[in-house]
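Structural overview for review
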Amino acid sequence: RDRQRKEHTPDSQKVEAIIRNRVSKEEDIFLHELEGHYNSASAFEHTWHSLVKSGKSPGTPLFKRMLKNRLVRRERRQEREMLKKLDQEARTAKRELLNAKMKLKTAMKRMKNVEKPKEVGEAKRRLEGSRKRNFKDKKASLQGDVDVKGTPVATKTEEAPTIEEEVPMNKNDHYSVEKSLMEAKIQVEEAAKKLENVVQSQENGKGETKKQLKVLEETLESAAEIELQEVLEEEDYRPLVICDRNADVGSTEDFTALQKYAQCPPINRNKPILLLEGYRAYGLTGNNLIEFLHAIQEARDMDIQLGIMYRSWATKVLLKMWMAIDSDDWQAQFERTFCVKIFNHEKELEGWNIFDQDPKELLYYRSKISLEDYVASQEYSIRSLFHNYNTGDGKDISGAPVKDMCSGINAIFGKDQRSSAMYSVIHSRSLEGEPGFRLLGNLANRSGCDPVAALEMKPDYIKAILKPLGMTKHPIVFITDGQNPAVLERLLADPDLGPMIRTVPEEACWIGGDLTLAIMSNAFIGNPASTFTGFIAKSRLALGFGHNYLFRARYNYMGQWKEVCGDHCIFDKSIMNVMS
C-alpha cells in the first residue's frame, strides 16, 4: 500500500514536470523564475488550474501577470497569518509578564513581613485584642447594658483591622519566602525577554513604525486645516448644482473626506498598482459602476495605487456620463479627481508592479473597514463623479459626442422649470422574471423587506409612500427596463396615480438621463435588488437627499407599510452582499 501511495502521489519534481509540459519553452523561463519564489509546488499547481478553469489562456501577458499576482497574494496572506500569530504570542507574553510581576510583588510583601517580626507581633496582638473586645461588646449587647436612668446603652464595636499583617508570616518561613522571591524575579526576567523578542519580530514584520505613522497623520491634518482655512477665507462655499437643481451639499462640504481621500500621494513604480484593463466589463451599467467604486475602495484599503488603461471598460462606462474629454488637460484632471494613473499604451506598463483583477473579481470585493468609514469613502467617490457630470460637450473614449445628463429632466419639465419642479420617480426593474423574484427574496430574508412589492409596484404600495408626503399631487416619473409592461398599465389605470404618471420621451431616454432624473427627484421608489436602483440610492445619499423608499414591509392587518431598513442598508455588506 505504501508503494502504491508513493507511485500515485506526485512529488514536487513531478508537479513541476507536469506544469512545464503545458507551456512552451519561452514560458519555461517565466515559470522557473516564479517557482524560485514559491516553495510550494502544490500551491503553484492549484493556482495554474484555477486560472485555466476560469477561461484564461496560458501564454498571454495577462495570464502571466495574474498567475504572478495570485501567488503574491497567497504569500501576503501567509505574512498576515504570521503577524497575527505574533500578535497572539505578544498578548500571551504580556499576560505571563503581568502574572510574574504579581508573584514578585506578593513575594516581596511576604519578605517584608518576615524582615519585621516586631511589627508582625504587634499586629497580631492588636488583632487578638480587637477580637476580644468584639466578643465582650456582643455579650454586653445580648445582656442589655443600662445607664443610671435605666436606659439601654448602645455599645460601640471596633472593626477588625484589614491590614495585610492579619495573617502574619512565621519567622521560620524566611528561607521559603526568599526562594519564592528568587523564582518570581527569574520569571519576570524571562517574560520580559520573551515579550521584547515578540515585539521586535512584530516591528520587523510590519515595517512602518508608529512614530512615522503619527508624523504622516499630523502632516495630513495640518494640510487639511490649511485648505479649510483658505476656503473659508475665500468664501468658496456654494451648493453643488446639478441640472440647475441644488444638492444638499456644497463644493466644500466634506472636509473630513478631503483629509482622507482628496490628498493624492505621488504615483510611482515603488508601490504595486491595481490596473483596470480590458474592454469587456462584467454585467450591466449598475454592476460596472459598482466595479469601479470597488476598485477605488480596494486601492484605499490595501494602500496600493490605482491605474487605468486609456481604452478599457472603466473609461468606456464612465466617460459616457462623467468626465467627458473636452480639453487638452483632460487626463490630468481625471487623474487628480480619482487619484489614479492613466496608461495610454502597453509599453508604459514596463517597470511597474502590476496587480491585476478582472471586473468580476472587483464586483465580489468586500471591504473589511467599518460601515461608517465605507459609507464616507463611497460617498466621496460618487460626489467626485457628479462634480464632473456631462452636459453634452466633449467626447467619450471612442470619440463619439457625449449626451447631456440633464436630457431626461429637460424633456419632461423644460430648462425653464427644471430647477423648481416637484416630482417623484419610480424605477421598475423586473430582473429577467424568475431570477428577479429570487434575488429580491434573498434580500428580503436579510433586510426584512417585502419579497415581491418592489417588483410588482402596485398602486396601493406607491400611494402608501407618496400620499403622506403630498406627492400624489405632483408628477410621478416612471422609468423602467421595459420587461414588465403590466406594471405601468396598472399605475395608469389607477384613478389617483394615473393622471400624474409621466414617462420619458423615447428620444431623451438613455441610462445617463434616467439616472440623473431619479437622483435629483424629491422622492425615489426603487427595487433594492437592482444595482441600478442601488447606485441611484447611494448617489442621493451622497448628495444629501433623503426620501429613498426601497426596504418596505406591511406591519399590520390593515395593509399599512413601514420602512424596515434605514438608508445605511444600501451600503451594508451583510444585507446587500456584492451590491453594497
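As shown above, the structure is provided for reference.
The structure presented is a predicted model; accordingly, all values stated were derived computationally and were not measured.

Counting 84 residues, the largest nonpolar core has Trp322, Phe334 and Phe551 as the members making the most contacts within it. For this core, the element with the most residues is helix H10 (residues 285-302), which contributes 7 residues. The contacts of Trp322, once residues within four sequence positions are left out, are Leu289, Leu385, Phe386, Asn388, Tyr389, Asn390, Met405, Leu515 and Phe535. Met457, Ile476, Val487 and Ile525 belong to the second-largest nonpolar core, a separate cluster that totals 19 residues.

Taken together, the side chains of Lys84, Arg91, Lys94 and Arg95 define a basic patch exposed on the protein surface. Among the residues examined, Lys84 registers a relative accessible area of 56% and is labelled exposed.

It is worth spelling out the state of the cysteines at this point. By the definition in use, this model includes 3 disulfides. Note that Cys264 is cross-linked by a disulfide to Cys339, the S-S spacing being 1.8 Å. Looking down the S-S bond of the Cys264 and Cys339 bridge, the torsion is -70 degrees, so its handedness is left-handed. Of the two residues, Cys264 is situated in the loop between helix H9 (255-262) and strand E3 (273-276) and Cys339 in the loop between helix H12 (330-338) and strand E5 (341-343); the sequence distance between them amounts to 75 residues.

Here the focus is the pairing of strand E8 (residues 476-480). Of all the 5 residues making up E8, 4 are buried; the element is thus mostly covered by neighbouring parts of the structure. Two elements, strand E7 (residues 424-428) and E8, share 5 bridges in a ladder whose sense is parallel. Bridge assignment links Ile426 to a residue of E8, and that residue is Phe478. The sheet contact formed by E8 and strand E9 (residues 501-503) spans 3 bridges and is parallel. Considered in E9, the bridge of Phe478 is made with Thr503. Since E8 and E9 lie parallel, the crossover through helix H19 (residues 485-493) that links them has a hand, and here it is right-handed.

The final tally for this structure, using the stated rule, is 9 salt bridges. Between Lys458 and Glu456 there is a salt bridge, and its shortest N-O distance comes to 3.7 Å. A relative accessible area of 42% places Lys458 in the partly exposed class. Looking at Glu456, the relative accessible area reads 25%, which means it is partly exposed. Within this structure, Lys463, Asp494 and Asp496 form a network of salt bridges that share partners.

Further remarks concern the sheet that holds E7. Pairing is parallel across the open sheet formed by 5 strands, whose spatial order is E9-E8-E7-E10-E11. Of all the strands in the sheet, the pair left with one neighbour each is E9 and strand E11 (548-549). Looking at chain direction, E7 and strand E10 (residues 523-525) are connected through 3 bridges and run parallel. Opposite Ser424, over in E10, you have Ala523 as the bridge partner. Here helix H18 (residues 459-466) sits on the sheet and contacts E7, E8, E10 and E11; the angle it forms with E10, its principal contact strand, is near 155 degrees.

Running from N to C, H10 and helix H14 (residues 371-386) point in directions that differ by 125 degrees, and their axes come no closer than 10 Å. Considered as vectors, H10 and H14 are oriented oblique to each other. At the point where H10 passes H14, the crossing takes the right-handed sense. Residues Leu293, His294, Ile296, Gln297 and Arg300 of H10 touch H14, and the partners they reach there are Tyr374, Ser377, Gln378, Tyr380, Ser381 and Ile382. Grouping the amino acids of the contact of H10 with H14 by side-chain chemistry returns 5 nonpolar, 5 polar and 1 charged.

With parallel pairing, the 4 strands of this open sheet are ordered in space as E5-E4-E3-E6. Only two strands of the sheet have a single partner each, and these edge strands are E5 and strand E6 (354-356). Neighbour to neighbour, the strand axes of the sheet diverge by 35 degrees on average, direction disregarded. Docked against the sheet, H10 engages E3, strand E4 (305-309) and E6, running at close to 150 degrees with respect to E4. Packed onto the sheet, H12 meets E4 and E5 and runs at close to 135 degrees relative to E5.

What follows covers the environment of Pro266. Following the sequence through the fold, Pro266 ends up in the loop between H9 and E3. Here the alpha-carbon distance between Pro266 and Gln305, two residues 39 residues apart in the chain, equals 9.3 Å.

Taken as a whole and judged by the stated rule, the model has 9 aromatic pairs. By the ring-pair criterion, three or more aromatic residues cluster together here, those being Phe292, Tyr310, Trp330, Phe334 and Phe338. Positioned above the aromatic ring of Phe343, the side-chain terminus of Lys341 is 5.9 Å from the ring centre. In this arrangement the basic side chain of Lys573 is found over the ring face of Tyr374, its NZ or CZ atom lying 4.6 Å from the centre.

Closest axis-to-axis distance for the helix H20 (residues 511-519)/helix H21 (residues 531-542) pair is 9 Å, and the angle between their directions is 45 degrees. The angle between H20 and H21 falls in the class oblique. Of the two elements, H20 crosses H21, and the hand of that crossing is right-handed. Residue-level contacts link Ile511, Leu515, Ala518 and Ile519 of H20 to Phe532, Phe535, Ile536, Ser539 and Arg540 of H21.

Calculation notes
- Residues numbered from 1 in each chain as written.
- Predicted model: local features only at pLDDT ≥ 70, side-chain atom pairs only at ≥ 80, totals over all residues.
- Heavy atoms only, no water.
- Core = buried A, V, L, I, M, F, W, Y, C linked by side-chain atoms within 4.5 Å.
- Buried < 20%, exposed > 50% of the residue type's maximum accessible area, 1.4 Å probe, protein only.
- Helix = DSSP H or I, 4+ residues; strand = E, 2+ residues; numbered from the N terminus.
- Contact = heavy atoms within 4.5 Å.
- Patch = residues over 30% accessible without salt bridge, like charges linked within 9 Å, V, L, I, M, F, W, Y side chains within 5 Å.
- Areas by Shrake-Rupley, 256 points an atom, 1.4 Å probe, with all protein chains shown as cover.
- Salt bridge = Lys/Arg side-chain N within 4 Å of Asp/Glu carboxyl O.
- Lys, Arg positive; Asp, Glu negative; His and termini not counted.
- Charge placed at Lys NZ, Arg CZ, Asp CG, Glu CD.
- Disulfide = S-S within 2.5 Å.
- Pairing = 2+ DSSP bridges.
- Right-handed = clockwise from strand over helix to strand, strands pointing away.
- Axes fitted to C-alpha atoms, helices over the stretch in contact; angles between N-to-C directions.
- Parallel < 35°, antiparallel > 145°, perpendicular 65-115°, else oblique.
- Left-handed = near helix turned anticlockwise from the far one by under 90°.
- Nonpolar A, V, L, I, M, F, W, Y, C, P; charged D, E, K, R; others polar.
- Phe/Tyr/Trp six-rings, centres within 6.5 Å; stacked < 30°, edge-to-face > 60°.
- Lys NZ or Arg CZ within 6 Å of the ring centre and 35° of its normal.

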